[in-house]
Every structure is written in C-alpha cells, then in structure tokens.
2 protein chains.
Amino acid sequence: MHALGRQILVEFYDCDRDILTQGDAVRDLMMEATRQSGATIVTDTFHSFSPHGVSGVIVIAESHVAIHTWPEYGYAAVDIFTCGDTINPWTIQKHLEEGFSSQRVSSMEMRRGLFPDAVPHKPVGFDIGADPVLN
Amino acid sequence: MHALGRQILVEFYDCDRDILTQGDAVRDLMMEATRQSGATIVTDTFHSFSPHGVSGVIVIAESHVAIHTWPEYGYAAVDIFTCGDTINPWTIQKHLEEGFSSQRVSSMEMRRGLFPDAVPHKPVGFDIGADPVLN
C-alpha cells in the first residue's frame with residue numbers, strides 16, 4: 001500500500017512561554033521553518049487569542065503546516081501534512097524546536113490516503129535528512 | 001492525564017470525484033459542516049490546484065479544520081482539531097461524509113497536549129452526540 005500523503009504530529013513541551021504568546025514571533029518561526037523545508041508557500045493565516053494562545057496555518061502547495069500554542073503550559077501542537085518528495089518535514093520540526101527552546105519533543109508520523117497503486121499528481125517519495133526526535 | 005486538545009483524522013474514500021474537484025463546493029461543505037458543529041469560524045482559505053485537488057483550512061476559535069482532496073482517487077483527508085466542549089467534531093465528519101457521498105470512512109482520534117493538571121484557557125470536556133464511524 002502506498003500513501004498519498006504523510007503527516008507529522010509534533011508535541012513541543014517545555015517551551016519558552018514568552019515566545020508562544022507572541023503572534024508575530026510564532027508566525028516568523030513557522031514561515032522560516034516552512035521555507036527551509038523546501039515547501040512552496042501558498043498563503044498563511046495567524047491569530048492571537050485572548051487571554052493568550054496563537055493559532056496559525058500555512059497552506060503549502062504540498063498540503064499544510066499548522067500550529068496551536070498554549071503558552072500557560074509551555075506547549076505547542078504542530079501538524080506537518082505533506083505530499084511529494086520535495087519537503088523534509090524534520091527540518092520544520094528542528095527549526096521550531098530550537099525557536100521555541102522546547103526541552104521535550106514528541107513526534108508521530110501518520111500515513112494518509114492508502115492505495116495499492118497510489119501515483120498521486122504530486123510526486124511521492126520521502127527524503128528524511130535530519131534526525132527525528134521520537135518519544 | 002488530561003488533553004488540551006483532540007484531533008480527529010478522517011479518511012474519506014470512494015467519494016464523488018466531481019465534487020472533490022470543485023473548490024467552491026468543497027469550501028461550502030466544509031464551512032457548513034463547521035458551522036453545524038458549533039465552532040466559531042475565525043477565517044478560512046481554500047485553493048484549487050492544477051491539474052486537480054483542493055486544499056483548504058478553516059481556522060476556528062477552537063483550533064482548525066483542514067482538508068486536502070485527491071479527486072483522481074476519490075479521496076479526501078480531513079483533520080478536525082478542537083479544544084473545549086462546545087464542538088461536536090462528529091457533526092463535521094457526518095456532514096462531509098454525506099456531502100462527498102463517501103462510501104468508506106475511517107477515523108482516528110488523537111489526544112494532543114497531555115498534562116496531569118490540564119485546565120486550558122479554552123474549556124475542556126467533550127460532548128460526543130453523533131455516532132462516530134470508526135473503521
């Protein structure tokens with residue numbers, strides 16, 4: 001069975017709480033991380049909530065990258081949904097881990113859209129260069 | 001351990017391929033499904049890709065709802081990320097299942113952000129009214 005897409009669900013614990021409250025800082029880190037991964041950015045939308053917390057999504061030609069932060073817990077949930085072989089999602093994880101100063105990272109990889117003969121319109125194939133942190 | 005958020009990953013197989021190609025139809029279904037769930041819509045962004053395929057994300061006060069379609073496979077991947085007790089994510093799944101005429105639905109529920117004492121700024125607690133389709 002081949003997958004049309006893959007999705008990395010990342011839990012960033014023990015982060016710098018101050019950064020997680022700042023919508024601009026979270027957006028800057030997410031955008032730079034996504035650029036470094038080789039993704040083609042289509043659009044993005046970020047929102048800061050009261051009393052705190054940032055939600056943001058970057059739509060990429062290869063699917064999306066999303067974040068939700070809970071500064072009061074020093075926690076951020078990030079989803080990296082990709083298809084094709086042009087993106088290294090671990091680049092995004094690593095950049096955010098450093099940017100948030102996360103002291104504990106947990107990742108899970110999901111395969112989405114399983115077909116015996118999957119040859120999607122976006123090329124399939126993965127190139128995992130960096131070392132993922134798997135807890 | 002309590003979770004700050006929960007996420008439903010839904011695989012819609014054997015869908016109406018014509019609908020999955022139509023950006024407006026996909027957006028309309030996603031928006032209506034999200035409204036019916038009780039979510040507060042903050043913003044949305046949808047894009048149609050060449051030669052086919054639609055990607056879209058609705059940012060809600062309670063996190064996000066995202067979709068990617070592969071019309072050539074009759075397949076759509078949907079993520080419903082929520083926090084708080086005001087949303088019924090299965091309402092979204094059911095509305096989309098009918099709208100896409102999906103003949104095979106697979107769902108997985110993830111708990112995000114686990115803490116022993118989680119009392120997030122967005123209220124926690126789940127109210128599952130509809131019957132989920134779990135394969």
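Our structure is the block above this text.
Residues numbered from 1 in each chain as written. Chains lettered and ligands numbered in written order. Predicted model: local features only at pLDDT ≥ 70, side-chain atom pairs only at ≥ 80, totals over all residues. Heavy atoms only, no water.

Peer 1: What exactly am I supposed to notice about the relation of the copies chain B and chain A here?
Peer 2: Each of the two chain copies goes to the other by way of a rotation about an axis and a shift along it. Relative to chain A, chain B is turned by 180 degrees and slid 0.0 Å along the rotation axis, the superposed coordinates differing by an RMSD of 0.0 Å. Within this description, the copies of the chain are treated as partners about a two-fold rotation axis. Relative to the rotation axis, the closest C-alpha in chain B is found at Val57(B), a distance of 3.8 Å. In this assembly, 100% of the residues forming the interface of chain B have copies in chain A that are likewise at the interface, indicating an isologous arrangement. (Least-squares fit on C-alpha atoms with pLDDT ≥ 70 in both. Contact = heavy atoms within 4.5 Å.)

Peer 1: How should the layout of surface pockets be read in this particular structure?
Peer 2: A water-sized probe rolled over the atoms picks out the places where empty space is left. Its volume calculated, the largest pocket comes out at about 260 Å³. Among the secondary structure elements, those contributing two or more residues to the lining of the largest pocket are β6 (104-115) of chain A together with β1 (2-13) and β6 (104-115) of chain B. Partitioned by chemical class, the residues of the lining of the largest pocket number five nonpolar, three polar and four charged. Counted as a void, the second largest pocket has a volume near 220 Å³. (1 Å grid on protein atoms, 1.4 Å probe; cavity = no way out; pocket = protein on both sides within 12 Å on 5 of 7 lines; lining within 4 Å. Points joined across faces, edges and corners; volume = space filled by probe spheres on them. Helix = DSSP H or I, 4+ residues; strand = E, 2+ residues; numbered from the N terminus. Nonpolar A, V, L, I, M, F, W, Y, C, P; charged D, E, K, R; others polar.)

Peer 1: What is the right way to look at the sheet that holds strand β5 (residues 75-82) of chain A in this model?
Peer 2: Working definition: the strands of a sheet are paired by backbone hydrogen bonds and lie parallel or antiparallel to each other. All names here are of chain A. Reading across from one edge, β2-β3-β4-β5-β1-β6 is the order of the six strands in this open sheet, with antiparallel pairing throughout. Two strands lie at the open edges of the sheet, namely β2 (41-48) and β6, each paired on one side alone. On average, adjacent strands in this sheet sit at an angle of 10 degrees to one another, irrespective of strand direction. Bridge count between strand β1 (residues 2-13) and β6: eleven bridges; the pairing is antiparallel. Within β6, the residue paired with Leu9 across the bridge is Met108. The sheet strands contacting helix α2 (residues 23-36) are β2, β3 (54-60) and β4 (63-70), and the helix crosses β2 at an angle near 160 degrees. Strands in contact with helix α3 (residues 89-99) are β1, β4, β5 and β6; relative to β1, the strand with the most contacts, it is inclined by about 10 degrees. (Pairing = 2+ DSSP bridges. Axes fitted to C-alpha atoms, helices over the stretch in contact; angles between N-to-C directions.)

Peer 1: Help me understand the pairing of β5(A), please; the structure alone is not making it clear to me.
Peer 2: Two faces make up the sheet, and in a regular strand the side chains alternate between them. All names here are of chain A. For β5, a buried count of eight out of eight residues is recorded, marking the element as mostly surrounded by other parts of the structure. Residues of β5 alternate between two faces, with Tyr75, Ala77, Asp79 and Phe81 on one and Ala76, Val78, Ile80 and Thr82 on the opposite face, all of them buried. Note: β4 against β5, eight bridges, orientation antiparallel. Bridge assignment links Val65 to a residue of β5, and that residue is Ile80. Connecting the antiparallel pair β4 and β5 is a turn made up of four residues, with Gly74 showing a positive phi of about 60 degrees. (Buried < 20%, exposed > 50% of the residue type's maximum accessible area, 1.4 Å probe, protein only.)

Peer 1: What am I meant to see in the side chain of His68(A) here?
Peer 2: Tracing the sequence through the fold places His68(A) in strand β4. Judged by its relative accessible area of 2%, His68(A) falls in the buried class. A distance of 2.7 Å separates the side chain of His68(A) from the side chain of His64(B), its partner in a polar contact. Those residues in contact with His68(A) that lie beyond four places of it in its chain are Val54(A), Ser55(A), Tyr75(A), Ala76(A), Ala77(A), Ser63(B), His64(B) and Phe81(B). (Polar contact = N/O pair within 3.5 Å; in protein donor to acceptor, adjacent residues only side chain to side chain.)

Peer 1: Explanation requested: the pattern of salt bridges in the structure shown.
Peer 2: Side chains that differ in sign of charge can pair as their charged atoms come close. The tally for this structure, following the rule as stated, stands at 14 salt bridges over all chains. Of the charged contacts, one joins Arg35(B) and Glu32(B) as a salt bridge, the two residues approaching to 3.2 Å between their closest N and O atoms. Here the residue Arg35(B) and the residue Glu32(B) both occupy positions in helix α2 (residues 23-36), the gap between them amounting to three residues, near one helical turn. With relative accessibility at 47%, the residue Arg35(B) sits in the partly exposed group. Several salt bridges share partner residues, and in doing so they unite Glu11(A), Asp79(A) and Arg112(B) into one network. (Salt bridge = Lys/Arg side-chain N within 4 Å of Asp/Glu carboxyl O.)

None of this, on its own, says anything about what the molecule does.
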